[in-house]
Amino acid sequence: MRITLIGFMGSGKTTVAQELSQQLALPNNDLDTLIEQAAGLTIPAYFEQFGEAHFRQLEQKVLTEALSLEGILSTGGGTPVQVSNQDLLQNQDGPVIFLDASDQTITTRLLADGVASRPLFQQLGMDGLLELKQTRQPIYEKIASEIITVDGKQPAEIAEEIIHTI
Ligand code: S3P
């Protein structure tokens, strides 16, 4: 059994994945963490040293490997952007859940987290990020098997909602 979470930065993929993992007693795999382990670098350090294009190559390689793991898989916000990754995500066995958050929710959360952990926030600023979010929205909607609105909800509540839909 695998449940894959997709959505923009700050939509709560990592936290909801932890909840799902606990509630369903399934292993939790976080793509960003797997990338950091494969690279031996944090994601901001990887962007800094090698740039986004190389990051996307590594992301695709690690995604391919991660799709053979059982349990919950939380992806990075940009994972579904590459067409080849869309194919991988859509053709796998198991639901793809899009955590849909409003601009307001994303703004509040990303400002609280700060720019240090998110290189694209550092590069684009909040206005640029919200533009990026708009361009990605149709991609998330296209590849999702379920769309869950997350605004104003607690992670445990979102996890329960996901469990009811699958
Ligand atoms: C990215 C999102 C990040 C991380 C990288 C690029 C993106 O993951 O993969 O900084 O392109 O949206 P989160 O969505 O977990 O922050």
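Definitions and limits used
Residues numbered from 1 in each chain as written. Predicted model: local features only at pLDDT ≥ 70, side-chain atom pairs only at ≥ 80, totals over all residues. Heavy atoms only, no water. Buried < 20%, exposed > 50% of the residue type's maximum accessible area, 1.4 Å probe, protein only. Helix = DSSP H or I, 4+ residues; strand = E, 2+ residues; numbered from the N terminus. Pairing = 2+ DSSP bridges. Axes fitted to C-alpha atoms, helices over the stretch in contact; angles between N-to-C directions. Salt bridge = Lys/Arg side-chain N within 4 Å of Asp/Glu carboxyl O.

Visitor: Help me out: how do you make sense of the pairing of strand β1 (residues 2-6) in this one?
Guide: Both faces of the sheet carry side chains from a regular strand, because those side chains alternate between them. Burial runs high along β1: five of the five residues are buried. Every second residue of β1 is oriented toward a common face, with R2, T4 and I6 on one face and I3 and L5 on the other, all of them buried. The pairing of β1 with strand β3 (residues 71-74) spans four bridges and is classified as parallel. Residue pairing for β3: L5 is matched across the bridge by S74.

Visitor: Hey, could you run me through the sheet that holds β3 in this one?
Guide: Hydrogen bonds along the backbone pair up the strands of a sheet, which may run parallel or antiparallel. In space, the five strands of this open sheet follow the order β2-β3-β1-β4-β5, with parallel pairing throughout. Two strands lie at the open edges of the sheet, namely β2 (28-30) and β5 (146-149), each paired on one side alone. When the angles between neighbouring strand axes are averaged without regard to direction, this sheet yields 25°. In this structure, β2 lies alongside β3, joined through three bridges in parallel fashion.

Visitor: Even after reading the chapter, I still don't get the pattern of salt bridges, so can you show me in this structure?
Guide: Pairs may arise between side chains of opposite charge once their charged atoms sit close together. As enumerated under the stated definition, the model contains six salt bridges in all. A salt bridge links E59 to R56, with the shortest nitrogen-to-oxygen separation between them at 2.9 Å. Of this pair, E59 and R56 are both found in helix α3 (residues 43-66), three residues apart, which corresponds to roughly one turn of the helix. Comparing E59 with R56, the two get one shared label, buried. A salt bridge links K61 to E65; its shortest N-O distance comes to 3.5 Å. Of the two residues, K61 and E65 are both situated in helix α3; the distance of four residues between them amounts to about one turn of the helix. Connected via shared salt-bridge partners are E52, R56 and E59.

Without other data, these values stay purely geometric and don't point to any function.
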